[in-house]
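# What the coordinates show
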Amino acid sequence: MNKIEHLGIAVKDLTASNTLFQQLLGVANYKTEEVATEGVRTSFFKTGESKIELLEAMTRDSPIAKFIEKRGEGLHHVAFEVADIQAEIKRLKDEGFTVLSETPKRGADNKWVVFLHPKTTNGVLIELCQEIETETE
Ligand SMILES: CC[C@@H](C(=O)O)C(=O)SCCNC(=O)CCNC(=O)[C@H](O)C(C)(C)COP(=O)(O)OP(=O)(O)OC[C@H]1O[C@@H](n2cnc3c(N)ncnc32)[C@H](O)[C@@H]1OP(=O)(O)O
Ligand SMILES: [Co+2]
């Protein structure tokens, strides 16, 4: 795994948290993006080599809505950048981790993503992500 790509933080009110994190980090967010498949609205901030991803639920059955209901706002996941997500899925399954999907999904900020169940990773939800390569002629 190359580096921590982002930390995902579950928030109730994206607009209010955007203001808070802008004050905290001293920079504005560089994008807002909805990911309907996850039922989330995201906001990204750059912090050196890594990023902060704020996540607000768009639906009541979104993982973020469930998380906030059970645990309140806060750190939701740690995302690692990988060079070959399919190879990492196989490697981690062989190591005994519970990978939540065989096939990566399209996430936010131009990434293929997959998650490891927190029950197999000391209670921390882990995301793997790989940049989606754009076709060039
Ligand atoms: C925007 C796209 C992408 C990106 O590009 O960056 C994202 O970041 S999307 C982020 C939102 N999507 C996800 O989180 C998808 C992966 N998560 C899941 O599939 C589920 O949330 C889960 C982890 C499998 C749990 O789902 P489920 O079993 O249906 O929910 P429960 O609420 O019943 O939780 C069971 C159990 O797990 C604990 N839990 C849930 N979420 C987390 C978490 N983020 N970190 C740590 N632990 C978590 C939950 O508290 C329950 O524990 P117990 O109460 O002790 O049983
Ligand atoms: Co994420």
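Everything numeric in this text was worked out from a predicted model, so none of it was measured. The residue numbers shown here count from 1 along each chain, following its written sequence. Note on labels: chains are lettered from A, ligands numbered from 1, in written order. Local features in a predicted model are, by the rule used here, given only for residues with pLDDT of at least 70; side-chain atom pairs are given and counted only at 80 or more, and totals for whole chains, interfaces and linings are based on all residues. With hydrogens and water stripped out, all remaining heavy atoms of the structure feed into the side-chain values.

### A short note on the confidence of the model for the protein
This prediction gives the protein a mean pLDDT of 96; 99% of its residues lie at or above 70. Scoring of the predicted complex yields 0.96 for pTM and 0.97 for ipTM. Each residue carries a pLDDT value, the predictor's own confidence for that position, ranging from 0 to 100.

### Remarks on the coordination of the cobalt ion (ligand 2)
Any N, O or S atom lying within 2.8 Å of the metal counts as a donor, and for Na, K and Ca the limit rises to 3.2 Å; water is left out, so some sites can look incomplete. Bound to the cobalt ion (ligand 2) on the protein side are His6 (NE2), Glu53 (OE), His77 (NE2) and Glu127 (OE), at distances that span 2.1 to 2.2 Å. Coordination at the cobalt ion (ligand 2) comes from 6 donor atoms whose angles at the metal span 75 to 172 degrees, giving a geometry best classed as octahedral. Coordination of the cobalt ion (ligand 2) draws on donor residues from a single chain, spaced H-x46-E-x23-H-x49-E in sequence. Here His77 is found in strand E5 (residues 74-81), whereas its partner Glu127 is found in strand E8 (residues 125-131), with 50 residues between them in sequence. Only four donors with every angle between 85 and 135 degrees are called tetrahedral; only four or six donors with opposite donors over 155 degrees apart and all others between 65 and 115 are called square planar or octahedral, in that order; all others are irregular. Secondary structure counts use DSSP, requiring at least four H or I residues in a row for a helix and at least two E residues in a row for a strand, with both numbered from the N terminus.

### Regarding helix H3 (residues 85-94)
Buried within H3 we find Ile85, Glu88, Ile89 and Leu92. One side of H3 holds all its buried residues, which, seen down the axis, span an arc of 105 degrees. Residues Lys90 and Asp94 are exposed on H3 and point more than 90 degrees away from its buried face. By definition in these notes, contact holds between two residues if any of their heavy atoms fall within 4.5 Å. Looking at the packing, one finds that the buried side of H3 touches strand E7 (111-116) and E8. One or two residues past the end of H3 sits Gly96, with phi positive at roughly 100 degrees. Categorising residues by exposure relies on relative accessible area from a 1.4 Å probe, with only protein chains included: less than 20% of the type maximum marks a residue as buried, more than 50% marks it as exposed, and the intermediate range marks it as partly exposed. An arc is given here, and it is the one of the directions from the helix axis to the C-beta atoms.

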